[in-house]
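Now for the letters of each chain:
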Amino acid sequence: MPSLISLRAFEAAARLGSFKGAAEELSVTPTAVSHHIRGLEQALEVQLFVRQTRAVRLTDTGRRLSGRLASAFTEITDALSEVHATEHDLTVTTTPAFAALWLAPRMEVFQAAHPDIRVRLDTGTAPVDLARDRRVDVAIRYGVVEGPLVAHAFPQERIGLYGAPDLVSALGGRLDGATILSTVWEQSDLPPISPATWIASAAADDRPKLRYFEQEHHVVQCAIAGQGLALLSNVLVGDMVARGLLTAFRPDIQAPGLSYSVLCLPERARVRKIASFIRWLEAALEQD
């Protein structure tokens, strides 16, 4: 196999029709280009160029070879570009609620610390097979997760009622006349946290009205609008509480929930973009 340098010199000269042009593109001298091409002709035992006084012209053999090499170098360039993009593109799959309520409000902090990493969020509640779907780098899932994965678990969440500050103040700790906003979970294998669970924990005799939604972030938006008290995880609602959009109703009463886990393949745990993202998640969690 001839040297890659000589092949590259020939491809550039053939494409540009000039040894000088090839030399400028490759940042070498025209003499070096001529030397590499002469060596390639000797190695292949063919003539690739007809050398004239002020120009060079491809032979038929040189024309055939230049076409194949141009295609090959284009594929190499595309492959290297893809590798570079993959190194800097991080795909994270997580639940819609975690993406909207916890991750998205904090992503600006991560991007400021790692401007070279582009994060793509993919949302869903179905299990993801990281070994088969190599497009996904990190998975954040709710509940118990099994398999040969590196897992970093968030602390166990607490489930409470949260509402707009004016509404919570007006209720005065009583649920009479209030509406509880709750989510119907898609994952039937997880233990549901229902309004009845919270009411039982509070040992309350109140009978509030109930409204159900399919997505937790819809529950949050209705609560911010003052339409009721949202039954939510303290992990997901933390940003809204910090910004004064929601406040806890009876913060002394909270039911135990589950936890979120950050998952990746063991052999990829030390990849720079993945390791950086997981370290940031752990630090953000400690700050919360």
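Residues numbered from 1 in each chain as written. Predicted model: local features only at pLDDT ≥ 70, side-chain atom pairs only at ≥ 80, totals over all residues. Heavy atoms only, no water.

(A) Spotlight on the overall build of the protein. The helix and strand tally for the protein stands at 10 helices and 13 strands. By residue count, 41% of the 288 residues in the protein fall in the buried class. Taking all contacts inside the protein whose residues are at least 6 apart in sequence as the whole, residues at least 24 apart take part in 76%. Carbon and sulfur atoms provide 53% of the accessible area of the protein, an area that totals close to 15,900 Å². (Helix = DSSP H or I, 4+ residues; strand = E, 2+ residues; numbered from the N terminus. Buried < 20%, exposed > 50% of the residue type's maximum accessible area, 1.4 Å probe, protein only. Contact = heavy atoms within 4.5 Å. Areas by Shrake-Rupley, 256 points an atom, 1.4 Å probe, with all protein chains shown as cover.)

(B) Region of interest: the side chain of S233. Relative to the elements of secondary structure, S233 occurs in strand β10 (residues 229-233). Judged by its relative accessible area of 3%, S233 is buried. Engagement of the side chain of S233 in a polar contact is seen with the side chain of E157, the distance being 2.5 Å. The contact partners of S233, leaving out residues within four places of it in the chain, are E157, R158 and I159. (Polar contact = N/O pair within 3.5 Å; in protein donor to acceptor, adjacent residues only side chain to side chain.)

(C) A look at helix α2 (residues 19-26). Of the positions making up α2, those classed as buried are F19, G21, A22 and A23. The residue sitting at the N-terminus of α2 and contributing the capping side-chain oxygen is S18; that oxygen lies 3.1 Å from the backbone nitrogen of K20. Among the residues trailing α2, S27 stands out with phi positive, at a value near 60°.

(D) Structural view of the pairing of strand β4 (residues 118-123). Pairing of strand β3 (residues 89-94) with β4, which is carried by six bridges, proceeds in the parallel orientation. The partner of T94 across the bridge, within β4, is T123. (Pairing = 2+ DSSP bridges.)

(E) Here's a closer look at the nonpolar core. Within the largest apolar cluster, 37 residues are counted, with the highest numbers of intra-cluster contacts made by F98, W102, L103, I140, F277, W280 and L281. Residue assignment for this core shows that the elements contributing at least two residues are β3, α5 (96-113), β5 (138-142), α8 (216-224), β10, α9 (234-242), β13 (260-264) and α10 (272-287). Sorting elements by how many residues they give to this core places α5 first, with seven residues. If near-sequence neighbours (up to four positions away) are discounted, L281 is found in contact with W102, L103, I140, F154 and V262. Counting 17 residues, the second-largest nonpolar core is a separate cluster that includes A13, F19, A22 and A23. (Core = buried A, V, L, I, M, F, W, Y, C linked by side-chain atoms within 4.5 Å.)

(F) Local environment of a nonpolar patch on the surface. On the surface, V184, L210 and Y212 cluster together into a nonpolar patch covering about 290 Å² of accessible area. Mapped onto the fold, V184 is located in the loop between β8 (179-183) and α7 (195-202). Relative accessible area serves as the criterion here: at 48%, V184 is assigned to the partly exposed category. (Patch = residues over 30% accessible without salt bridge, like charges linked within 9 Å, V, L, I, M, F, W, Y side chains within 5 Å. Salt bridge = Lys/Arg side-chain N within 4 Å of Asp/Glu carboxyl O.)

(G) Molecular detail of the environment of A178. One can find A178 in the loop between α6 (165-171) and β8. For A178, a relative accessible area of 4% corresponds to the buried category. Taking the C-alpha atoms as reference points, A178 and Y142, 36 residues apart in sequence, are found 29 Å from one another.

(H) Spotlight on α8. E216, V219, V220, C222 and A223 are the residues of α8 that are buried. Within α8, the buried residues cover an arc of 165° as seen down the axis, which keeps them to one side. Packing partners of the buried residues in α8 comprise α5, β7 (158-163), β8, β9 (209-213), β10 and α9. (Arc of directions from axis to C-beta.)

(I) Examining the environment of R135 more closely. Inspection of the secondary structure assignment puts R135 in the loop between β4 and β5. Between the C-alpha atoms of R135 and V92, which are 43 residues apart in sequence, the distance is 9.3 Å.

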